[in-house]
Amino acid sequence: MKRTNRHHPMLMLLPVVLLTFMLGSCYQHRTLKKTLPGNFHFTEQTLDSLSFFSTHHYTNNYNFVVRADSLQLLRQQPEEQQPGMNVDTFYVYRGDHVVVADIRMIPTDSIDSVWVELANDTSAFGWTRESNMLPKVMPDDPISQFISDFSNIHLIFFLVVVSLFGALYLLWRIFRSKAHIVHFHDIDSVYPTLLCIIVASSATFYATIQMFVPQLWQHFYFHPTLNPFSVPPVLGVFLLSVWAMLIVALAAFDDVRHKLPMGEAIVYLGGLASVCAVDYIVFSITTLYYVGYPLLVAYIWFALYRHFHNRSRYVCGNCGHVLRRKGRCPYCGAWNE
């Protein structure tokens with residue numbers, strides 16, 4: 001018996017998509033007014049500030065959070081620091097909030113010509129070189145903090161090792177038990193396959209941004225947003241892929257929950273998460289060496305081929321279970337022509 005669709009599952013996602021765009025459109029992007037009085041002139045200090053902001057992506061009154069164990073600050077002026085001279089210093093510690101109070105260029109400094117004055121919660125002011133500050137602080141924004149934590153080299157190494165070993169062990173157990181798994185013994189749902197493709201494509205696109213437009217990503221790190229329509233098109237496409245990943249993941253979870261018993265659904269979702277983790281690691285690394293691009297094309301072809309190969313086209317005329325082919329139903333034993 002041919003399988004008939006009484007309703008299209010994508011219609012269930014329409015309210016979620018509309019709500020996402022409505023929430024994203026609430027973001028107000030602040031821009032400098034283009035229409036200025038004819039006699040208006042920027043001061044030299046303002047021009048220097050704008051020039052510094054365009055290359056360093058932060059300026060006065062920008063808020064940071066200390067992520068290192070401690071950050072040493074100099075109470076004296078930067079020009080007063082001389083070899084062998086006693087200086088008065090103090091420390092700010094992990095989790096402390098600091099704000100940029102002043103920025104000064106010291107061309108005579110052979111280590112770093114950019115000095116930044118920071119103020120902490122107790123209104124204590126201190127100076128440090130920018131090269132010493134940036135590795136030890138992160139922007140005071142939850143999105144930036146997530147990017148900072150996720151980009152940490154130790155965390156990446158840990159995730160790579162755990163994900164690969166966990167994925168290999170879980171996939172081995174699934175194959176042994178002949179349970180359902182995406183790409184191989186898959187369920188009749190497009191969402192798991194679509195989720196894997198989106199994860200692989202997003203990882204490839206993320207690595208591409210890191211390689212070819214790193215300054216754009218750096219600016220996004222200092223001024224993040226989840227609204228794909230308030231950023232340059234390149235970042236907009238990446239943010240749209242992130243939103244699509246979230247929406248399709250929810251759809252996949254809901255579809256798996258309805259098509260498999262609870263125990264099998266948990267195993268399947270664990271295998272799906274492992275495949276997505278491997279996709280992210282493989283494509284984000286191989287793209288840095290340009291191998292990820294042909295690999296992505298081959299992976300998309302493989303994923304779609306396996307999906308349509310595994311797709312069920314029939315239902316049992318007696319019990320209603322989904323069948324991959326005509327013949328005897330493995331659930332009730334009825335014969336289907």
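Summarised in this report is the structure supplied together with it. Not measured: the values here are computed from a predicted model.

A short note on the nonpolar core
Here's step 1: Core analysis: the biggest nonpolar cluster contains 30 residues, and Tyr58, Phe64, Leu118, Met133 and Trp217 have the highest contact counts within it.
Here's step 2: The greatest single-element share of this core, amounting to four residues, is contributed by helix 7 (residues 214–222).
Here's step 3: Contacts of Leu118, omitting those with residues within four sequence positions, involve Leu71, Leu73, Val98, Val99, Val100, Ala124, Phe125, Gly126, Thr128 and Met133.
Here's step 4: In terms of nonpolar packing, the next biggest core, distinct from the first, is built from 22 residues, Leu195, Val248, Val256 and Cys276 among them.

Topic: a nonpolar patch on the surface
Here's step 1: There is a patch of nonpolar side chains on the surface, built from Ile285, Leu288, Tyr289, Val291 and Leu295 and spanning about 470 Å² of accessible area.
Here's step 2: Along the chain, Leu295 turns up in helix 10 (residues 292–310).
Here's step 3: On the basis of relative accessible area, Leu295 is assigned to the partly exposed category, the value being 33%.

Observations regarding the packing of helix 6 (residues 190–212) against helix 10
Here's step 1: Running from N to C, helix 6 and helix 10 cross one another at 175 degrees; their axes reach a closest spacing of 10 Å. The pairing of helix 6 with helix 10 is recorded here as roughly antiparallel in orientation. Each of Val190, Thr193, Cys196, Ile197, Ala200, Ser201, Thr204, Thr208, Met211 and Phe212 in helix 6 lies in contact with helix 10, whose residues at this interface are Tyr293, Leu296, Tyr299, Ile300, Ala303, Leu304 and His307.
Here's step 2: For the contact of helix 6 with helix 10, a count of residues per class yields 12 nonpolar, five polar and no charged.

What about the pattern of salt bridges?
Here's step 1: Counted under the stated rule, the structure contains six salt bridges.
Here's step 2: A salt bridge links Asp255 to Lys259; the nearest nitrogen and oxygen atoms lie 3.7 Å apart. You can see Asp255 and its partner Lys259 sitting in helix 8 (residues 233–259), four residues apart, about one turn around the helix.

Considering the environment of Asn132
Here's step 1: Take Asn132: it is sitting in helix 3 (residues 130–133).
Here's step 2: Leave out the neighbours within four places in its chain, and Asn132 touches Leu71 and Gln72.
Here's step 3: For Asn132, the side chain forms a polar contact with the side chain of Thr128, separated by 3.0 Å.

Quick notes on the rules
- Residues numbered from 1 in each chain as written.
- Predicted model: local features only at pLDDT ≥ 70, side-chain atom pairs only at ≥ 80, totals over all residues.
- Heavy atoms only, no water.
- Core = buried A, V, L, I, M, F, W, Y, C linked by side-chain atoms within 4.5 Å.
- Buried < 20%, exposed > 50% of the residue type's maximum accessible area, 1.4 Å probe, protein only.
- Helix = DSSP H or I, 4+ residues; strand = E, 2+ residues; numbered from the N terminus.
- Contact = heavy atoms within 4.5 Å.
- Patch = residues over 30% accessible without salt bridge, like charges linked within 9 Å, V, L, I, M, F, W, Y side chains within 5 Å.
- Areas by Shrake-Rupley, 256 points an atom, 1.4 Å probe, with all protein chains shown as cover.
- Salt bridge = Lys/Arg side-chain N within 4 Å of Asp/Glu carboxyl O.
- Axes fitted to C-alpha atoms, helices over the stretch in contact; angles between N-to-C directions.
- Parallel < 35°, antiparallel > 145°, perpendicular 65-115°, else oblique.
- Nonpolar A, V, L, I, M, F, W, Y, C, P; charged D, E, K, R; others polar.
- Polar contact = N/O pair within 3.5 Å; in protein donor to acceptor, adjacent residues only side chain to side chain.

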